[in-house]
Each structure stands twice: as structure tokens, then as C-alpha cells.
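This is what each chain is made of:
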Amino acid sequence: MQATVYKSTGSWYQVKTETGLFASVRLAGKFKIDGLSTSNPVAVGDWVTVAGIDHVDTAIITEIHKRKNHVVRVSPQRKKQHHIIAANLDQSVLIATYKEPKTSTGFIDRFLITCEAYHIPAVLVFNKTDLLTAADHEALEQCLERYRAIGYRSFGISVHEKKGIDVLLDILHDKTTLLSGHSGVGKSTLINTLFPDFALRTGAVSAWSGKGLHTTTFAEMFDLPEGGAVIDTPGIRELGLVDIAREELSHYFPEMRDRMNDCQFNNCMHINEPGCSIKKAMARDDDSISIERYQSYLNMLDSIDPVSY
Ligand code: GDP
Ligand code: ZN
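Before going into details, it helps to say that this report is about the structure given with it. (Residues numbered from 1 in each chain as written. Chains lettered and ligands numbered in written order. Predicted model: local features only at pLDDT ≥ 70, side-chain atom pairs only at ≥ 80, totals over all residues. Heavy atoms only, no water.)

## With respect to the coordination of the zinc ion (ligand 2)
Around the zinc ion (ligand 2), the donor atoms from the protein are Cys 263 (SG), Cys 268 (SG), His 270 (ND1) and Cys 276 (SG), and they sit 2.1 to 2.4 Å away. One way to put it: the four donor atoms around the zinc ion (ligand 2) meet at angles of 103 to 116°, and that makes the site tetrahedral. Of the residues examined, His 270 reaches a relative accessible area of 1% and is grouped as buried. On the basis of relative accessibility, which here comes to 3%, the residue Cys 276 falls in the buried class. (Donors = N, O, S within 2.8 Å, 3.2 Å for Na, K, Ca; no water. Tetrahedral: all angles 85-135°; square planar, octahedral: opposite > 155°, others 65-115°. Buried < 20%, exposed > 50% of the residue type's maximum accessible area, 1.4 Å probe, protein only.)

## Describing the pattern of salt bridges
Applying the stated criterion across every chain yields a total of 14 salt bridges. One network of salt bridges, in which partners are shared, links Asp 109, Glu 255 and Arg 293. (Salt bridge = Lys/Arg side-chain N within 4 Å of Asp/Glu carboxyl O.)

## Some words on the nonpolar core
Where a protein is soluble and globular, its nonpolar side chains tend to be buried together. Judged by nonpolar contacts, the single largest core of 36 residues is most densely connected at Val 71, Ile 108, Phe 126, Tyr 147 and Ile 231. Those elements giving two or more residues to this core turn out to be β6 (70-74), β7 (82-87), β8 (91-97), α1 (105-118), β9 (122-127), α2 (134-149) and β13 (229-232). The element best represented in this core is α1, accounting for six residues. When residues of this core are sorted by domain, at least three fall in each of domain 1 (2-66) and domain 2 (85-232). With near-sequence residues (within four places) excluded, Ile 231 lies in contact with Val 44, Ala 86, Leu 89, Thr 176, Thr 177, Leu 178, Leu 179, Ala 219, Glu 220 and Met 221. (Core = buried A, V, L, I, M, F, W, Y, C linked by side-chain atoms within 4.5 Å. Helix = DSSP H or I, 4+ residues; strand = E, 2+ residues; numbered from the N terminus. Domains from an automatic or database assignment. Contact = heavy atoms within 4.5 Å.)

## Here we look at the site of ligand 1
In the neighbourhood of ligand 1, 15 residues make up the surrounding shell, with Asp 130, Gly 184, Lys 187, Ser 188 and Thr 189 lying closest. Here an oxygen atom of ligand 1 sits 3.1 Å away from a polar atom, N or O, in the side chain of Asn 127. A distance of 3.0 Å separates an oxygen atom of ligand 1 from a polar atom in the backbone of His 160. In isolation ligand 1 exposes 580 Å². Once the protein is present, 71% of that is buried. With three residues, the single largest contributor to the shell around ligand 1 is helix α4 (residues 187-194). Of the residues that constitute the shell around ligand 1, the class distribution is three nonpolar, nine polar and three charged. (Near = heavy atom within 4 Å. Polar contact = N/O pair within 3.5 Å; in protein donor to acceptor, adjacent residues only side chain to side chain. Areas by Shrake-Rupley, 256 points an atom, 1.4 Å probe, with all protein chains shown as cover. Nonpolar A, V, L, I, M, F, W, Y, C, P; charged D, E, K, R; others polar.)

## Looking at empty space enclosed by the protein
Once rolled over the atoms, a probe with the size of a water molecule shows which space is left empty. In total, this model carries one cavity of 30 Å³ or more according to the counting rule given. Put simply, the largest cavity is a space of about 80 Å³. Taken together, Phe 107, Arg 110, Phe 111, Thr 114, Ser 180, Gly 181, Thr 233, Ile 236, Arg 237, Glu 238 and Leu 239 make up the full set of residues lining the largest cavity. It is α1 that provides the largest number of residues to the lining of the largest cavity, a total of four residues. Class assignment for the residues of the lining of the largest cavity results in four nonpolar, four polar and three charged. (1 Å grid on protein atoms, 1.4 Å probe; cavity = no way out; pocket = protein on both sides within 12 Å on 5 of 7 lines; lining within 4 Å. Points joined across faces, edges and corners; volume = space filled by probe spheres on them.)

## Concerning the pairing of β8
Within a regular strand, side chains alternate between the sheet's two faces. Most of β8 is tucked away, with seven of its seven residues classed as buried. Of the two faces of β8, the one carrying Gln 91, Val 93, Ile 95 and Thr 97 and the one carrying Ser 92, Leu 94 and Ala 96 are both buried. The sheet contact formed by β8 and strand β11 (residues 176-180) spans four bridges and is parallel. Bridge pairing links Val 93 to Leu 179 in β11. The sheet contact formed by β8 and β9 spans six bridges and is parallel. (Pairing = 2+ DSSP bridges.)

## Describing the environment of Leu 89
Looking at where Leu 89 falls in the secondary structure, it is placed in the loop between β7 and β8. Residue classification places Leu 89 among the buried positions, given a relative accessible area of 1%. C-alpha of Leu 89 to C-alpha of Thr 176: the two residues are 87 residues apart in sequence and 5.4 Å apart in space. If near-sequence neighbours (up to four positions away) are discounted, Leu 89 is found in contact with Lys 68, Asn 69, Val 71, Ile 120, Thr 176, Leu 178 and Ile 231.

## Quick look at the packing of aromatic side chains
On inspection of all chains with the given rule, the structure shows four aromatic pairs. On the numbers, 5.1 Å between centres and 90° between planes, the contact of Tyr 6 with Phe 22 is edge-to-face. Here Tyr 6, found in strand β1 (residues 2-8), pairs with Phe 22, found in strand β3 (residues 22-27); they are 16 residues apart in sequence, far enough to count as distant. In this arrangement the basic side chain of Lys 102 is found over the ring face of Tyr 98, its NZ or CZ atom lying 3.9 Å from the centre. (Phe/Tyr/Trp six-rings, centres within 6.5 Å; stacked < 30°, edge-to-face > 60°. Lys NZ or Arg CZ within 6 Å of the ring centre and 35° of its normal.)

## Observations regarding α1
In a regular helix each residue adds 1.5 Å, so 14 residues correspond to 20 Å; α1 covers 20 Å between its end C-alpha atoms and thus fits that length. For α1, the tally of buried residues reaches 11 of 14 residues, placing the bulk of the element in the interior. (Expected span 1.5 Å × (residues − 1).)

## A look at helix α3 (residues 165-172)
Along α3, the positions that sit buried rather than exposed are Ile 165, Leu 168, Ile 171 and Leu 172. For α3, the angular spread of buried residues about the axis comes to 120°, placing them on one side. Every exposed residue of α3 that faces more than 90 degrees away from the buried side is listed here: Asp 166 and Asp 170. Lining the buried residues of α3 we find β8, β9, β10 (153-156), β11, α4 and β13. Within two residues after α3, Asp 174 carries a phi angle of roughly 60°, on the positive side. (Arc of directions from axis to C-beta.)

What follows is the structure in C-alpha cells.
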């Protein structure tokens, strides 16, 4: 029977079958040695085949279907191993805040670049707009405009004032969405608003998975009442940015990707090469390449180890 993985604790998986039933299953032993470069062979969002679903003790995943896409974090135990956070995403929503706490542009840009690299459409949502002064609102609007100009849906919401939630719900409708964000941005509050029976459900799931231990570090999928699903990734600060070579990085900045064919050298890194179209665009100061984004590019470039590729 076909099923989708809703939660994984490492040894047990909660799946929802095509008939809409939730069940706890284990993985057939042979897969355990299969994941060479990943520390977990099955992730939330995976499409799988399960057998023996009628028998709680023996139900197993017998097949893992090809993934449409996936996101990883680097496994804390082994640097070279990747831990798959979630698979088969339609999109990813980053919850950020302009203040209390301020989400850094560096963090936002790393998130967006990671999504580009994984071919997952990204949406940028700023929560807590109720805290903003008139001047803050103006500054946030400029920031949102910067991201809209390069193609990202970006808008503000206030979970407390229930503002913008309808817009967000509309985006989530009928899609599988990865919800990300630094702690403190209001992600739990938002999830409680989107899923009124969430508190009840987490309680149940914690008990089932052995309470406490890792209950806050496992990704979990929740169905939206109107169709679609959201994958929450509690405890995961940031998606892993892997397998991007320094030469490749600018491909994941849409505003750079659009222009780099005009650079004099086709291996241009857009730093200080002659005839660089990116630097020319910046010199024109027409906002086509923002200083903030370019700075993020340089910072990310610095963080990529040149010897590993
Ligand atoms: P998480 O770490 O992202 O899950 O954040 P929480 O949901 O725990 O929220 C962190 C704090 O932000 C809590 O004190 C919430 O009450 C508060 N918060 C959440 N949404 C809003 C909002 O729309 N406006 C304001 N002012 N505070 C909010
Ligand atoms: Zn260039």
C-alpha cells in the first residue's frame, strides 16, 4: 500500500496511507545500510510502500519512492553525512521578523539560496508587523520590495492581530510546504493558529515517541483542514547548504543569474574581474543588484571551502 511519511523518530515512522489511515511502521532492515551519504534513509514527506499495515508490530516500509526534491542539514555527528530533513516539497515558507528578534538578511539570503539550489520555490513572510512603528513599516516595505523584485513572494503578517493569515493560508492551500524560521519568530504560535488541535496532537505524539528525548528535533507533517500540508522543523535552525561550488553560487541569486552571461569571463566570480556585468549593474546604482544581496553573496562565498570541491 502507498503511504506518505508524516513523522520519523529514527526507528519508527508515522505514515498516512493512501486510504487516509495513520500508522506506525518500521523500516525493512535492508534499507538501513542503503543510505550511504545520508544518516537517515527515510524522511518526512517521503512517498513509500508499506506492507503488513494491519499488524501494528510488523508493519514495514518496503520501498522508498524516488524523491521529487529534498532538503538536508549536515549531520551533527558526521560532517560528511547529510541528514534529510524533508522530501517532496512544493514550496518552502520562511517566517522572519523585522524586530524582536530581527532576522538577519544574511540568514534570509542563505535560506533563499538553499531553496534555489534545491529547486524549491520560496516565500518570505515577516511576522509581528503589529510591533512596527511607521518608520519600521516603511523600512520593511523596502526590504519586501527588494525580494519581490527578484521574484520572491514576500509580505508581512501579524499572528497576534490575525493579519495576513488568509494570504498565507491561500499560499499553503493544496501544497506541501516546509515551514522554517529562527526561534522566537512566532512559528509555534502560527502553527497553533493554523492547526487548532495541534497542542493536543503534539502531546499524543510525544508520548508515542518516548517523551522528551528528541521530540522537538524531528520534522513533522500536519494536514491543513482545507487541503495541503505543512512540515514543521522544530529545533532545526538552518537548512544545510551543501554541494554548492564557489563558481556555482551566483547561479542561485536570481538577479545575478539573469545577468552573468554578460560578464566578460564565463568563469567570472563577480568580485573584481574586468568586464563584470554584476559590478557594472551595481555601479549604475539602479537597484537591479542590491548592496545587501551582493554582501550576502560575498559572505556566502567566503563560507564555502574552496578545497572541498
Ligand atoms: P517560535 O520560536 O518561532 O516557535 O516562536 P513562538 O511561537 O514561541 O513565539 C515567540 C514569541 O513571539 C511569543 O512570545 C509569542 O507570543 C510572540 N509572537 C508570536 N506571534 C506574534 C505576533 O504576531 N506579534 C507579536 N507581537 N508577538 C508574537
Ligand atoms: Zn561577473
